[in-house]
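Structural description and commentary
Listed here are the chains, written in short residue letters.
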Amino acid sequence: MIGAEQSALRPLMKRDKLEGLYAAYNHREFVHPDPLEFLYHYPALQDREIVALIASSLAYGRVAQILKSVSSVLRLMGSSPFHFVMTLPLESLLAVFSGFKHRFTAGPELAWMLWGARRAIEKHGSLLGCFLAGWNEKESTVLPGLSAFVKAFPMNSARCWGGFLPSPAKGSACKRLNLFMRWMVRRDDVDPGGWGHIPPSKLIVPLDVHMHRISLSFGLTNRKQADLRTAMEVTRAFKKVAPEDPVRYDFALTRLGIRRDMYADSVKRRFRNRPE
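Residues numbered from 1 in each chain as written. Predicted model: local features only at pLDDT ≥ 70, side-chain atom pairs only at ≥ 80, totals over all residues. Heavy atoms only, no water.

This part covers the overall build of the protein. Along the backbone of the protein there are 14 helices and two strands. When the 276 residues of the protein are sorted by exposure, 55% land in the buried category. A separation threshold of at least 6 residues defines the contact pool for the protein, and within that pool the share at least 24 residues apart is 66%. Counting only carbon and sulfur atoms, one obtains 53% of the accessible surface of the protein, whose full area is about 12400 Å². (Helix = DSSP H or I, 4+ residues; strand = E, 2+ residues; numbered from the N terminus. Buried < 20%, exposed > 50% of the residue type's maximum accessible area, 1.4 Å probe, protein only. Contact = heavy atoms within 4.5 Å. Areas by Shrake-Rupley, 256 points an atom, 1.4 Å probe, with all protein chains shown as cover.)

Take a look at the structure:
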């Protein structure tokens, strides 16, 4: 049964209302503070893949700390993160990032992930090639491809697999990997894209605490756990209004939990069908 709040907020799911939200807020001027902003400095796809992997993997915790951590990593990597990753041996990566710390992630985890990225690129030519090698275009979502993508990284599993690069195969919502996919697959004023081989219709909503709270408030789910099952449920709700691009509204909606000049209550009032 749909609760009273869900029933009252269901009109927000009409496409014209969501398109109004998209038109108002899906612009680069609203990106900061967001780790996505780092991708804009790298026009070369091979660099942007590496930057997106780093920025999305560290996208947990307070946004100010996320930006600080990503910025510190990229400063160490120089003008071409791709060249940095593809030329340094593992021992050097471990030494360069020996003093790095972002909440539960320490330098060795980051170094092993980048080493895994290098080995995957050496085998497949790019991170896109690595993903495509494990993905069947007949799949309804990118999740099987993401499971194969993570497994393809020849990393020290004790340091990376499970927490830093979780697999959808284990039931994780994989917010950070789904965020990585949104950035790389979609292309508009906000998402820079580059992975044009993958249809946006296959993407899954990156479900974090902000998006989960918004989804509960707007009646997109009534599940209390921010897990993969909930992420799939929220994605299916968006597919009803935007089947070709179910994560189209993700950026605009998640501004409610990031930017101080946007508040969920005011946005809900704006997009309801009736005055309060």
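Here the focus is helix α9 (residues 143-152). Along α9, the residues that are buried comprise L143, G145, L146, S147, F149 and V150. Looking at the buried positions of α9, the neighbouring elements they touch are α8 (127-133), α10 (175-185) and α12 (228-239).

Here the focus is the pattern of salt bridges. For side chains of opposite charge, pairing can occur when their charged atoms come near one another. By the definition in use, this model includes twelve salt bridges. A salt bridge links R118 to E122, with the nearest nitrogen and oxygen atoms 3.0 Å apart. Here R118 and its partner E122 are both found in helix α7 (residues 107-124), four residues apart, which amounts to about one turn of the helix. R223 is the partner of D227 in a salt bridge, and the nearest nitrogen-oxygen pair spans 2.7 Å. (Salt bridge = Lys/Arg side-chain N within 4 Å of Asp/Glu carboxyl O.)

Generally speaking, soluble globular proteins have nonpolar side chains that are buried together. Core analysis: the largest hydrophobic core is formed by 87 residues, its most contacted members being M77, F97, L114, F153, M181 and W195. In terms of residues, this core owes the most to one element, α7, which gives nine residues. Ignoring sequence-local partners within four residues, the contact set of W195 consists of L45, E49, L127, L128, F131, F180, M181, M184 and V185. (Core = buried A, V, L, I, M, F, W, Y, C linked by side-chain atoms within 4.5 Å.)

Below, the discussion takes up the packing of aromatic side chains. Using the criterion set out here, one finds eleven aromatic pairs in the structure. When the ring of F84 is compared with that of F97, the centres are 6.0 Å apart and the planes differ by 70°; the resulting orientation is edge-to-face. Remark: F97 occurs in the loop between α6 (90-96) and β1 (101-102) and F84 occurs in helix α5 (residues 81-87); sequence separation between them is 13 residues. Judged by relative accessible area, F97 falls into the buried class, the value being 0%. Plain terms: the ring middles of F238 and Y249 are 6.3 Å apart, the flat faces sit at 40° to each other, and that makes the pair tilted. (Phe/Tyr/Trp six-rings, centres within 6.5 Å; stacked < 30°, edge-to-face > 60°.)

This part covers the environment of R236. Checked against the element boundaries, R236 lands in helix α12. Taking relative accessible area as the criterion, R236 reaches 46% and is therefore assigned partly exposed. In this structure the C-alpha to C-alpha distance between R236 and I204, which are 32 residues apart in sequence, comes to 8.9 Å.

With 84% of its residues at a pLDDT of 70 or more, the protein shows a mean pLDDT of 87. Here residues 1-11 scores under 50 on pLDDT; set against residues more than four positions off or in separate chains, the count is 17 contacts. (pLDDT = per-residue confidence, 0-100.)

Attention shifts here to the side chain of R248. Checked against the element boundaries, R248 lands in the loop between α12 and α13 (250-254). A polar contact is formed between the side chain of R248 and the side chain of E19, at a distance of 2.7 Å. When sequence neighbours within four positions are dropped, the list of residues in contact with R248 reads E19, Y22, N26 and R186. (Polar contact = N/O pair within 3.5 Å; in protein donor to acceptor, adjacent residues only side chain to side chain.)

Another point: the packing of helix α3 (residues 45-57) against α10. In contact at an axis separation of 8 Å, α3 and α10 are set at 150° when each is read in the N-to-C sense. Here α3 lies roughly antiparallel to α10, going by the angle between them. The way α3 lies across α10 gives a crossing that is right-handed. Mapping the contact onto sequence places L45, R48, E49, A52, L53, A55, S56 and S57 in α3 and R176, F180, W183 and M184 in α10. Its residues assigned to classes, the contact of α3 with α10 shows seven nonpolar, two polar and three charged. (Axes fitted to C-alpha atoms, helices over the stretch in contact; angles between N-to-C directions. Parallel < 35°, antiparallel > 145°, perpendicular 65-115°, else oblique. Left-handed = near helix turned anticlockwise from the far one by under 90°. Nonpolar A, V, L, I, M, F, W, Y, C, P; charged D, E, K, R; others polar.)

Attention shifts here to unusual backbone geometry. Look at the link from H32 to P33: it is a cis peptide, with omega at 0°. Considering the arrangement of structural elements, one finds P33 in the loop between α2 (15-25) and α3. The backbone phi angle of R103 is positive, close to 50°, even though this residue is not glycine. Mapped onto the elements, R103 comes out in the loop between β1 and β2 (105-106). Unusually for a residue other than glycine, C174 sits at a positive phi of about 50°.

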